[in-house]
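# Topology and contacts: notes
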Amino acid sequence: MTTPRRVPTLVRHLAGAAVAAVVLFGLTYVLDPFRDYQLATAAAYLCAAAGLTVLIGLNGQLSLGHGALMAVGAYSVAMVQNQFGDHGVTAQWALVASLAAGVVAATLAGAVIGLAAARLRGPYLAGLTLVVAVALPAVTTVFSGTFHGDQGLSVYLPPVPDSLGADFPVERWQAWLALAAALLTLLVLANLVRGRLGRSMRAIRDNEVAASLAGIPVARVQVVAFVVSAACAGLGGGMFAVLAQSVSPDAFTLTLSLNLLLAVVVGGSGSLAGAVWGSLLLVLLRYWADELTGGLSLPAGLRTRLAGNLPLALFGLLLIVVMMAAPGGVQGLLSRAGRWVRGRLTGRPSHRAGLPAPDAEPPAPVASHT
Amino acid sequence: MDRFLFLTVDGLSHGAVYAAFALALVLIWRGTRIVNFAQGVLAVATSYLAYTVTGRSGSYWLGFLAALLAGLVLGAVVERLVMRRVADAPPLNAVIVALGLVLVGQGVLGMLYGNQFLPFPAPFDRSAMTVGGVPLVSRFDLFVFGTVLLLMIVLAVLFTRTATGLRMRAAAFAPPVARLLGVRVGRMLTLGWALAALVGALAGMLVIPTGLGLHPTAMDTVFVSAFTAAVVGGLDSPAGAVVGGLLVGLVLSYVAGYLGAGTTPLAVLALLVVVLLARPAGLFSGPQARRV
Amino acid sequence: MFRSLHRGVAVATIAILVAAAGACSSSGKSGSSTAPVPGVTDTEVVVGTHTPLTGPAAAGYSKISAAAKAYFDYVNANGGVNGRKITYKIMDDGYNPATTQQVVRQLVLQDKVFAILNGLGTPTHTGVLDFLNTNKVPDLFVASGSLSWNQPKKYPYTFGYNPDYTIEGKILASYLKANFAGQKVCTFGQNDDFGADGLKGVQAVLGASGVTHSETYTVTNTNVGPAIAALKQAGCQVTVSFSVPGFTALAIGTAAQLGFKTQWVVSNVGADYATLAGLLKAAAGPLLEGVISDSYLPSVDDTSNGWISLFRRLNTQYNNNAPFDGNVEYGFSVAYLFVQALKAAGKNPTRQSIVDAVEKNGYSGPGLFKLRFSKDDHSGYGGLQMGKVQGGKQTLFGPVYTTDDGSGAVTESNSSPASPPDNGIPT
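The notes below deal with the structure included here. What you see is a predicted model; the values in this text were computed from it and never measured. (Residues numbered from 1 in each chain as written. Chains lettered and ligands numbered in written order. Predicted model: local features only at pLDDT ≥ 70, side-chain atom pairs only at ≥ 80, totals over all residues. Heavy atoms only, no water.)

This part is about the interface of chain B and chain A. Facing 66 residues of chain B, the contacting portion of chain A comprises 49 residues. Of the roughly 4700 Å² buried where chain B meets chain A, counting both sides, 77% is carbon and sulfur surface. Summed over the three residues of chain B that lose the most area to chain A, namely B:L92, B:I96 and B:M111, the buried surface amounts to 15% of that side. Inspection of the region where chain B meets chain A yields 0 salt bridges. Our count for the contact surface shared by chain B and chain A stands at 6 residue pairs in polar contact (both at pLDDT 80 or more). Contributing elements (two or more residues each) for the side of chain B that touches chain A: α1 (2–32), α3 (60–81), α4 (91–113), α7 (175–180), α8 (185–207), α9 (220–233) and α11 (264–278) of chain B. Considering only residue class, the side of chain B that touches chain A consists of 41 nonpolar, 15 polar and 10 charged. (Contact = heavy atoms within 4.5 Å. Buried area = accessible area lost by both parts, 1.4 Å probe. Salt bridge = Lys/Arg side-chain N within 4 Å of Asp/Glu carboxyl O. Polar contact = N/O pair within 3.5 Å; in protein donor to acceptor, adjacent residues only side chain to side chain. Helix = DSSP H or I, 4+ residues; strand = E, 2+ residues; numbered from the N terminus. Nonpolar A, V, L, I, M, F, W, Y, C, P; charged D, E, K, R; others polar.)

Written out as structure tokens, the structure reads:
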């Protein structure tokens, strides 16, 4: 019996990325500049969220400090770009060099944290990364000569290339940059996940002792996984710096790390598509909550009370509802729906009905209730 | 020397509050294996209630009592209505739900009370009494120490000497076995959450007078310090939570005093790294068993 | 069974298209018009702002935009400006610069506002300077005393409002030099440009050696005990504080607890008596008595001042009778100035015409000293008067001092401030 010829994974992924690129870049022409900016923001979040979902969902390491790694990437990009600006380098490729610098810096930071955290599990890792998230922005105040403390740094950016035309909106260019970064991240991660590293990560997540008995170098894989996700976060942070044209510690608080976690879990932990949903929702949910409350007509006193607070409460409520209704996140919901539809179409129940999807997290060993 | 003494007492006073809060986190961890990110917002909510009760009645202690009772009720309600629904899901879902609760709580409190800092005075004088010419400890500090000590004694007695405590420990340690032996595991979990919220409410009442005032985000930094304290001490160990809390309080105080307020988060990070490198499961962790 | 990138992105793009289609259909709402000038129609002018409405920074600052909106409601009830009603879109950024980027772009790109008014915060607003100036959006009266807003060559559309912190430091220091000569002067400041520029100003007048000891605080750490203890140890007889109200109250309260007796001199940013008294409650009376501060607007306790009575009246009618403190007064003052500028921009205002109108200046308002706007100066107010808390009220005394950001001397001015128009609307 011969196995059917399969297209190699890399080629398949590249083809998919190319198709996606064409569609998305076309989309930026359809959307107005503000939507392009939102798309760009979602793409920047996606870089970091994709790395984080691989770390949390496929490797079982909970990190609450990826916002700090984004900050490392962002500040590196800012400082390198400002050096370029000071020396009059206005070429576009300089930006690529800065982003690479950001990725390298975040990778180094990730390596340091990953090594320190290699022996930590569960809430202890979460605690360490939480404190990293809070402490790293404080570096900007301690070394305020270089980092300018709370004031932050502005980022020199080359203008939109002339070849695109004089009327090309900046926001579309920013969307292009961010989407390119996001697609690159997804491509790299998709390949990693399907390869040996991905298998080792999942093995460790499912049963660490068995994995180690099978010859997988557990500590090394843990560190590599952390470093890979840190590199992605660095790229995402670098894109943040490009989109905002400035960096400051207030933009990289603990809330950012928690928002990334939110994006990962609400989208569907462990799946790259889930990271896409999560990043989109992160940008859109707050926007929708704001729009909803803005549209209500209220007396003046009540309006001041509700302003800001009502969207916050709505956002929180949405999170709770989504988590209760769709424990596998949006992607989990879509997978189930997809299987149900396929089952109906093919007229027989799906093989996986009742079995958890292989990439989902193993059920948690918590106390169950009477 | 004066400075050192002052910083030590200041650190221990804040540390006692972190210890109490860390105890609440450990309580919930031992019972449910989740870190309760909503602990801070529950404490703030009960403090707001105390503010209203004190404002209406004129008595601080009535508000204090109301906060503690509200803590019990709120903790039980949150467990029954919200956390129970996500108990069978992956543990991260419970974290997200808790974060959602934080946002809902802060939003609702902001809507009810506004986003200004409300004055929240301490029940006792906060000026330091001089001992041998050195301003040392204030009456309020003594109150904090006393209350936290009393709390720990009460919790210790509850867990080790009463039947309810035994049932709670059984429910946390081995739920299926406990259920077979007739323990109502669900009820014990609710009780655990109620107690944890009570402890959190107490911590809130003790720490908010020392800050900028009552505000929906008033407990955010306390949560981070207390979580660090619990991790330093070991999430399974109540004694660890207390030691961890005092340690974190002291470190924060010394670093702020000798190096400046901006460097305190880095010092806490250093403390955490040092402890976790040596003992990956906290200071008071026992030997780790693994199922093979 | 495809778990590859391919399917995920395909589904994602479909979803984006759906969302975009839905979003595109909902865009083009309030304020956007077919008129050539963004934000201006025959009946309406739309302006926007970003300010913290939630989060710890919201304390106090959230009242500013509400008061400004109340003033606009009053003007609208009296026919608006040249027949146009002013719509004020207030967006919450939670003092997070990343959120500021989003909301400002939403205001400019989607809601198509005419101008950004009174954007609040130094780190938050610094991030949007490039965007606003590239898009030629008037960025009027930024709510911060940073020097960044006064760069007419680099950011021609940006104008400040608050006096620069360096100016304030110099004025406070020169008052101390004259009245507290020979005493040990220390500073307690926020660890960003607010505290740093203030300290620089103080040192410019007193000399680097004139400041015995300096302490800083960070807004994320409310334990100021160690810093205050250090000041006590240094024996400070006068402490100049560049702090926001919450931390001013904290510092004064902590000093009292530690038995640290000093003459507090507080920047106008953190000296509002009503806010401080509200935070210190019962202890406010004795603790705040004698505290020196400065101000560029009349004291809220000055019942004889025409502006205060006007604003108090409008506050009762249009601002839900909110407690009248320095933030509310500030909101009314900024809104008044904007209406003046809008009127001066002509019957058919454009973005360029309002920028020209602001640069032309000549506005008289509640400020104790005139505004400095010109083609070369976008800074805002530059004069301050000293104030002292006596008997639970903040009273201003003495001449109005003025100086520059550089090495110029501090001079006195005795110009008497203007009175408000009868109906409270600029002519």
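Next comes the rest of the description.
All names here are of chain C. If you walk through the whole model with that rule in mind, you get 9 salt bridges over all chains. For K170, the salt bridge goes to D404, with nearest N and O atoms at 3.1 Å. A residue pair is termed long-range when its members are at least 10 positions apart, and K170 in helix α6 (residues 165–179) and D404 in the loop between β12 (393–402) and β13 (411–413) qualify at 234 residues. The exposure class of K170 is buried, given its relative accessible area of 2%. (Buried < 20%, exposed > 50% of the residue type's maximum accessible area, 1.4 Å probe, protein only.)

Residue and element names in this part refer to chain C. As summarised here, the arrangement of the 8 strands in space is β7-β6-β8-β9-β10-β11-β12-β13, forming an open sheet in which the pairing is mixed. Each of the sheet's edge strands pairs with one partner strand only, and the pair in question is β7 (211–217) and β13. Strand-to-strand twist across the sheet, computed as the mean angle between neighbouring axes with direction ignored, equals 30°. Both strand β9 (residues 263–266) and strand β10 (residues 292–295) contribute to a ladder of 2 bridges, which runs parallel. The partner of V266 across the bridge, within β10, is S293. Of the strands in this sheet, β6 (185–190), β7, β8 (238–242) and β9 touch helix α8 (residues 225–233), which is tilted by about 175° from β7. (Pairing = 2+ DSSP bridges. Axes fitted to C-alpha atoms, helices over the stretch in contact; angles between N-to-C directions.)

Residue and element names in this part refer to chain C. Position of P421 relative to the elements: it lies in the segment after β13. Separated by 111 residues in the primary sequence, P421 and L310 place their C-alpha atoms 9.5 Å from one another. Not counting residues up to four positions away in its chain, the partners in contact with P421 are W307, Y336 and P426.

Residue and element names in this part refer to chain B. Contact pair helix α5 (residues 139–161) / helix α6 (residues 163–173): the axes reach a minimum separation of 5 Å and the direction vectors enclose 75°. Classified by the interaxial angle, the pair formed by α5 and α6 is roughly perpendicular. Of the residues in α6, those touching α5 at L158, F159, T160 and R161 are A163, G165, L166, M168 and R169. Its residues assigned to classes, the contact of α5 with α6 comprises 5 nonpolar, 2 polar and 2 charged. (Parallel < 35°, antiparallel > 145°, perpendicular 65-115°, else oblique.)

For the rest of this paragraph, the subject is empty space enclosed by the protein. Tallied over the entire structure, the rule returns 9 cavities of 30 Å³ or more. In this structure, the largest cavity encloses a volume near 260 Å³. Taken together, the elements giving at least two residues each to the lining of the largest cavity come down to α1 and β2 (134–138) of chain B together with α9 (245–258) of chain C. Considering every element that reaches the lining of the largest cavity, the biggest residue donor is α1(B), with 5 residues. Partitioning the lining of the largest cavity into residue classes produces 7 nonpolar, 9 polar and 3 charged. (1 Å grid on protein atoms, 1.4 Å probe; cavity = no way out; pocket = protein on both sides within 12 Å on 5 of 7 lines; lining within 4 Å. Points joined across faces, edges and corners; volume = space filled by probe spheres on them.)

Every contact between the two is made by 30 residues of chain C and, on the other side, 25 residues of chain B. Buried surface at the junction of chain C and chain B, summed over both partners, amounts to about 2100 Å²; 61% is from carbon and sulfur atoms. On inspection of chain C and its partner chain B, the count reaches 0 salt bridges. Our count for the contact surface shared by chain C and chain B stands at 7 residue pairs in polar contact (both at pLDDT 80 or more). Of all the secondary-structure elements, those providing two or more residues to the side of chain C that touches chain B are α2 (58–77), α8, α9 and α10 (273–280) of chain C. Its residues placed into classes, the side of chain C that touches chain B shows 12 nonpolar, 15 polar and 3 charged.

The subject of this paragraph is the packing of aromatic side chains. Under the definition given, this model contains 45 aromatic pairs over all chains. Between B:F37 and B:F223 the ring centres are 5.3 Å apart and the planes differ by 45°, which places this aromatic pair in the tilted class. With B:F37 in the loop between α1 and α2 (39–57) and B:F223 in helix α9, the pair connects residues that are 186 residues apart, well separated along the chain. Given a relative accessible area of 7%, B:F223 falls into the buried group. Between C:F72 and C:Y88, the ring centres sit 5.3 Å apart and the planes meet at 85°, which makes this aromatic pair edge-to-face. Remark: C:Y88 occurs in strand β2 (residues 85–92) and C:F72 occurs in helix α2; sequence separation between them is 16 residues. Taken as a pair, C:F72 and C:Y88 share a single burial class, namely buried. (Phe/Tyr/Trp six-rings, centres within 6.5 Å; stacked < 30°, edge-to-face > 60°.)

What follows concerns the sheet that holds β2(C). Residue and element names in this part refer to chain C. Read from one edge to the other, the open sheet built from 5 strands follows the order β2-β1-β3-β4-β5, with strand pairing classed as parallel. Unpaired on one side and paired on the other, β2 and β5 (158–160) mark the two borders of the sheet. The mean inter-strand angle of the sheet, taken between neighbouring strand axes irrespective of direction, is 25°. Across 2 bridges, strand β1 (residues 44–51) lies against strand β3 (residues 115–117) in parallel orientation. Across the sheet, residue V47 finds its bridge partner in β3, namely A115. In the packing of helix α3 (residues 97–110) onto the sheet, the strands contacted are β1, β2 and β3, and the crossing angle to β2 comes to about 155°.

For the rest of this paragraph, the subject is the pairing of β7(C). All names here are of chain C. In the sheet, β6 pairs with β7 via 6 bridges, with the strands oriented parallel. If you follow T187 over to β7, its bridge partner there is S214. At this point the chain moves from β6, through helix α7 (residues 193–206), to the parallel β7, and the crossover so formed is right-handed. (Right-handed = clockwise from strand over helix to strand, strands pointing away.)

Another aspect to go through is a nonpolar patch on the surface. A cluster of nonpolar side chains, namely B:L65, B:L69, B:L72, B:V73, B:V77 and B:L81, defines an oily patch on the protein surface of about 520 Å² accessible area. Here B:L81 lies in helix α3. (Patch = residues over 30% accessible without salt bridge, like charges linked within 9 Å, V, L, I, M, F, W, Y side chains within 5 Å. Areas by Shrake-Rupley, 256 points an atom, 1.4 Å probe, with all protein chains shown as cover.)

Time to look at α11(B). Over its 15 residues, α11(B) runs 22 Å from end to end, which matches the ideal 21 Å to within 8%, given 1.5 Å per residue. Lining the buried residues of α11(B) we find α5 (122–142) of chain A together with α9 and α10 (238–258) of chain B. (Expected span 1.5 Å × (residues − 1).)

Another point: the pairing of strand β11 (residues 383–390) of chain C. Residues and elements named next belong to chain C. Among the 8 residues of β11, 6 are classified as buried, and the element is accordingly described as predominantly covered. Relative to β11, β10 runs antiparallel, the two sharing 4 bridges. Residue S295 lies in a different strand from β11, and its bridge partner there is Q385. By the bridge criterion, 8 bridges tie β11 to β12 in an arrangement that is antiparallel. The residue of β12 that forms the bridge with Q390 is K393. Connecting the antiparallel pair β11 and β12 is a turn made up of 2 residues, with G391 showing a positive phi of about 60°.

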